[in-house]
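A look at the structure
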Amino acid sequence: MALSHRRRWGLTPQDLDFANQEREIEIVPMVRLPLTSSNDGPLAPQFGPFNPPQKAKVPLWFALQMKKKGKCRIVVPGWLSVASLEETLREETSSDDFSPLPRDYVELSNTLLHLASDDFPLHSSSDKVKILLKDIREARQAKIRVGAGALNPVHLAMPHLSSMEILELRPTFSTAFQRLRELNPEAERHEAIAGMWLEKEGEARRRAELGEFERGDAQEGMEEEY
Amino acid sequence: MNKSFFDDDDEDDTLGSPGRSSLQADFNSNRAASPRAYGAGPSKSARTSSTTGGRQSSVTGAQANSSVRAYESTRGGSPTLEDILGEESSHDGERNVQKLIRAWNNEMGAPELLKYPKRLVERLVKDLVHRKALVKEANQMVGEDEALYLQASLVATECMRTAHVLKSYQRCRIYKIEQYADFYLDQEDREDRLSPDELVHAEGYSEIRKRYMNDSGRDAFPSSLLNKDMPVLEPDLSQAVFVHVLRECGPVLLPDGELIPLAQGSQHMLRYSTIRTCLERGDVELM
């Protein structure tokens, strides 16, 4: 009851956007502003004195506030240019792995395209960037769908996936994980090992290194008989 | 016009109306002249320091043209015990809000209630109350100064963000407490896991639920069933979680017997039980 029904599945895209607004981004301030300390006091990283036209690094929410008031210009990060995105698209379509885009590329690009579209340089305009990003997203989604086949009730590595993509696949994958766990033929063995890992970690690790948990040849031999 | 707000020495309120006669926490070095311009700089600082029991005020700093800060307290001047011990000041480049956001994300992802970060929350609430008071003060002063106005609005935004994370974090925890209240109350580390308020809430909730069960019909059960203890529901630690590895963690044992290393920056979907200890250490974060 304390949590809305949508939130019971986990974070929402709005939450991701919110958390992402803490990340640093470069701006070109258009007004002078003296040193402002953050809420944590003078020992935390502060919002340094702004002397235009020097660039400054500030959190994204700070930059967006200033931008709304017309007091700064946001410097679009390098990977969000047409040239760089074309390269990424080439990589995506040519290999099976995910290309190393920044983890927050979806949130950041959406925010910048929405609120700072006039800060994109002419040669790398926001329209072209939008189209390229859409293509990249589709290529990655296709790969994710393929990756769903690798699900098992134990582990799945997801290299280079962005946080928004993981959020999108979370309900499906975690439900599938749950079902696979319930239908798991080796459930008892898995539960035993997991229980030991929780309780006696050192011993479990030692035994695992000795290879005691691997299914022995004797057992496999028995199965072949059937 | 007196531009003295963002004044942090609460104890200076003994001087009377806040913001006017108390110290000027002026931010930029241009303004350093202004306290003097009011003709009371040195004497005022002497006065403030005497009433604050010898603590340094920022007037000294501003007049000395050192790097002045908008946020003034003893922390800027004389070292407090906290500074000496270095406890509160270990920021390692990360703001408290970011730490709380991480705690919130972890809480949303994990199936069981995680430890309550007491110091972090207390610190944040304290800073929040403080800053809100300052911003209120600042808003009352309708000045022509754009820069200060902008600063005030930025600080207000930061306060709102902190408040939002705090509220969402608490909501998530309350939901999880209500799911398995009896279980958490039975644990030995319940003082660590639950804040005092949460403990009270959990006990009250558990009590109400038991009474409801009894009134709903448990009194009509046959006596053989009544004598048995009700089994306590436990949170399911084998649920899937999505982890992002912050620091290299030793190999973790998967339930199928395999040991996998957790490389820094990698992302995995695992059972919660697998990475529980890594999460406690802070080597991984949940998404």
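Keep in mind that this is a model prediction, so the values were computed, not measured.

Residues and elements named next belong to chain A. Each assigned domain of chain A is listed here: domain 1 (5-149) and domain 2 (155-225). Relative to domain 2, the C-alpha centre of domain 1 lies at a distance of 36 Å. Opposite the 19 residues of domain 1 that make contact, domain 2 presents 14 residues. Buried area between domain 1 and domain 2, summed over both chains or domains, comes out near 1500 Å², and the portion from carbon and sulfur atoms is 62%. When the area that domain 1 buries against domain 2 is broken down by residue, the three leading residues are Trp9, Arg103 and Ile144, summing to 31%. Linking domain 1 to domain 2 there are 2 salt bridges. A salt bridge links Arg140 to Glu165; the shortest N-O distance between them is 2.9 Å. Scanning the region where domain 1 abuts domain 2 turns up 7 residue pairs in polar contact (both at pLDDT 80 or more). Mapped onto the side of domain 1 that touches domain 2, the elements with two or more residues apiece are helix H1 (13-20), helix H4 (105-115) and helix H5 (126-147). A per-element tally of the side of domain 1 that touches domain 2 places H5 first, with 4 residues. Its residues assigned to classes, the side of domain 1 that touches domain 2 comprises 11 nonpolar, 3 polar and 5 charged.

Residues and elements named next belong to chain B. The domains assigned to chain B are domain 1 (78-219) and domain 2 (236-286). The C-alpha-based centres of domain 1 and domain 2 are spaced at 26 Å. For domain 1, the biggest contributors to the area lost against domain 2 are Asn106, Pro111 and Glu112; these three give 56% of the whole. Put simply, domain 1 and domain 2 have 2 salt bridges between them.

Next up on the list: the interface of chain B and chain A. One widely used convention gives an interface's size as the accessible area the parts lose upon coming together. Contact residues are listed per partner, giving 67 residues for chain B and 69 residues for chain A. The junction of chain B with chain A conceals about 6300 Å² of combined surface from both sides, 62% of it contributed by carbon and sulfur atoms. Three residues stand out in chain B for area buried against chain A, namely Arg95, Arg161 and Met269 of chain B, and they jointly supply 12% of the buried area on that side. Viewed at the interface, chain A and chain B are joined by 3 salt bridges.

Further remarks concern the packing of aromatic side chains. For the structure shown, the criterion picks out 5 aromatic pairs over all chains. Their ring planes at 70° and their centres at 5.8 Å tell us that Phe50 of chain A and Phe62 of chain A sit as a pair that is edge-to-face. Remark: Phe62 of chain A occurs in helix H2 (residues 60-68) and Phe50 of chain A occurs in the loop between strand S1 (24-29) and strand S2 (56-59); sequence separation between them is 12 residues. We classify Phe62 of chain A as buried; its relative accessible area is 0%. Between Trp61 of chain A and Phe62 of chain A the ring centres are 5.8 Å apart and the planes differ by 65°, which places this aromatic pair in the edge-to-face class. Directly above the ring of Phe18 of chain A sits Arg161 of chain B, whose terminal nitrogen or CZ lies 4.1 Å from the centroid.

So, about the packing of H5 of chain A against helix H6 (residues 163-182) of chain A. When two helices pack together, their arrangement is given by the angle between the helix axes and the distance between those axes. All names here are of chain A. Across the interface, H5 lies against H6 with an axial gap of 12 Å and an inter-helix angle of 30°. The angle between H5 and H6 falls in the class roughly parallel. Handedness of the H5/H6 crossing: right-handed. Between H5, through Arg137, Arg140, Gln141 and Ile144, and H6, the contact on the second element is made entirely by Glu165, Glu168, Leu169 and Phe173. Classifying every residue of the contact of H5 with H6 gives 3 nonpolar, 1 polar and 4 charged.

On to the packing of H1 of chain A against H4 of chain A, then. Residues and elements named next belong to chain A. Where H1 meets H4, the closest approach of the two axes is 10 Å, and the angle between their N-to-C directions is 80°. On the basis of their axis angle, the class for H1 and H4 is roughly perpendicular. In this structure, H1 uses Leu16, Asp17 and Asn20 to contact H4, whose residues at the interface are Glu107, Leu108 and Thr111. When grouped by side-chain class, the residues that make up the contact of H1 with H4 number 2 nonpolar, 2 polar and 2 charged.

Thresholds, definitions, all that
Residues numbered from 1 in each chain as written. Chains lettered and ligands numbered in written order. Predicted model: local features only at pLDDT ≥ 70, side-chain atom pairs only at ≥ 80, totals over all residues. Heavy atoms only, no water. Domains from an automatic or database assignment. Contact = heavy atoms within 4.5 Å. Buried area = accessible area lost by both parts, 1.4 Å probe. Salt bridge = Lys/Arg side-chain N within 4 Å of Asp/Glu carboxyl O. Polar contact = N/O pair within 3.5 Å; in protein donor to acceptor, adjacent residues only side chain to side chain. Helix = DSSP H or I, 4+ residues; strand = E, 2+ residues; numbered from the N terminus. Nonpolar A, V, L, I, M, F, W, Y, C, P; charged D, E, K, R; others polar. Phe/Tyr/Trp six-rings, centres within 6.5 Å; stacked < 30°, edge-to-face > 60°. Buried < 20%, exposed > 50% of the residue type's maximum accessible area, 1.4 Å probe, protein only. Lys NZ or Arg CZ within 6 Å of the ring centre and 35° of its normal. Axes fitted to C-alpha atoms, helices over the stretch in contact; angles between N-to-C directions. Parallel < 35°, antiparallel > 145°, perpendicular 65-115°, else oblique. Left-handed = near helix turned anticlockwise from the far one by under 90°.

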